[in-house]
Amino acid sequence: MASRDPFNIVESPVVASIPCIGCGNNMHCIRRQQVTAGEVQLFMCAACGNSSERVVGMQESDEDIQSAIEKSLGIARKAG
Ligand SMILES: [Zn+2]
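Definitions and cut-offs
- Residues numbered from 1 in each chain as written.
- Predicted model: local features only at pLDDT ≥ 70, side-chain atom pairs only at ≥ 80, totals over all residues.
- Helix = DSSP H or I, 4+ residues; strand = E, 2+ residues; numbered from the N terminus.
- Buried ≥ 20, exposed ≤ 12 C-beta atoms within 10 Å, placed from the backbone.
- Expected span 1.5 Å × (residues − 1).
- Pairing = 2+ DSSP bridges.
- pLDDT = per-residue confidence, 0-100.

**Q** So what about the overall build of the protein chain? Which residues, and what values?
**A** Secondary structure summary: the protein chain contains 1 helix and 4 strands in total. Along the protein chain, helices (α) and strands (β) appear in the sequence β-β-β-β-α when read from the amino end. Its C-alpha atoms give the protein chain principal-axis dimensions of roughly 55 × 25 × 20 Å. Residue burial in the protein chain is summarised as follows: out of 80 residues, 6% are buried.

Here is the structure:
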C-alpha cells in the first residue's frame, strides 16, 4: 500500500550530506532557508571549502501519485 505521507525534505530535521564535486568528501548542509517553493539549502565541503546551493520543493505523496496513475489508466479504486 502506498504511503499517505509524502517525504518532504523541508519538514525533515536533518539534511543528509551530499558528495563534493570537487574532492569527493561529504558536503554538509550549513544553511536552510524557507522559500515559497520549498527550501534553499547551502552545502559546504569541510575538506576543500567548495560550496553548493540547491532548492528542494514539496513532494507528492506516493498515494497521490498512485491515484493519479490509476485515474489516467481508468482503474477503479477499491474502497478502503
Ligand atoms: Zn570538497
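**Q** Please provide a residue-by-residue account of helix α1 (residues 62-73), values included.
**A** Across its 12 residues, α1 extends 16 Å between first and last C-alpha, which sits within 8% of the 16 Å expected from 1.5 Å per residue. Count one or two residues on from α1 and you reach G74, which has phi positive near 75°.

**Q** Outline the pairing of strand β4 (residues 51-57), supporting the account with residue identities and numerical values.
**A** Of all the 7 residues making up β4, 0 are buried; the element is thus mostly uncovered. Pairing between strand β3 (residues 38-45) and β4: 7 bridges, direction antiparallel. Across the sheet, the residue bridging to F43 is S52, located in β4. Turn length for the β3-β4 hairpin, with the two strands adjacent in sequence and antiparallel, is 5 residues, and the turn residue G49 shows positive phi of about 85°.

**Q** Break down the confidence of the model for the protein chain for me, citing the residues and quoting the values.
**A** Predicted coordinates in areas of low pLDDT are best not read in detail. Across the protein chain, the average pLDDT comes to 87, with 92% of residues at 70 or higher. Within the protein chain, α1 has the poorest average pLDDT of any element, 89, and strand β1 (residues 18-19) the best, 94.

**Q** An account of the sheet that holds strand β2 (residues 26-35) is needed here, citing residue identities and associated values.
**A** Taken in spatial order, the 4 strands of this open sheet run β1-β2-β3-β4, and their pairing is antiparallel. In the strand order of this sheet, the two ends are held by β1 and β4, each with one partner. Here β1 runs beside β2; their pairing, made up of 2 bridges, is antiparallel. Bridge pairing links P19 to N26 in β2.

**Q** Requested: an account of the pairing of β2, with residues and values cited.
**A** Looking along a regular strand, one sees side chains alternate from face to face of the sheet. Counting buried residues along β2, only 1 of its 10 residues qualify, which leaves the element largely exposed. A loop of 6 residues connects β1 with β2, the two strands running antiparallel in sequence, and G24 in this loop sits at a positive phi of about 90°. As judged from the 8 bridges shared by β2 and β3, these two strands associate in the antiparallel manner. Paired with V35 across the two strands is G38, which belongs to β3. Taken together, β2 and the strand that follows it, β3, pair antiparallel across an intervening segment of 2 residues.

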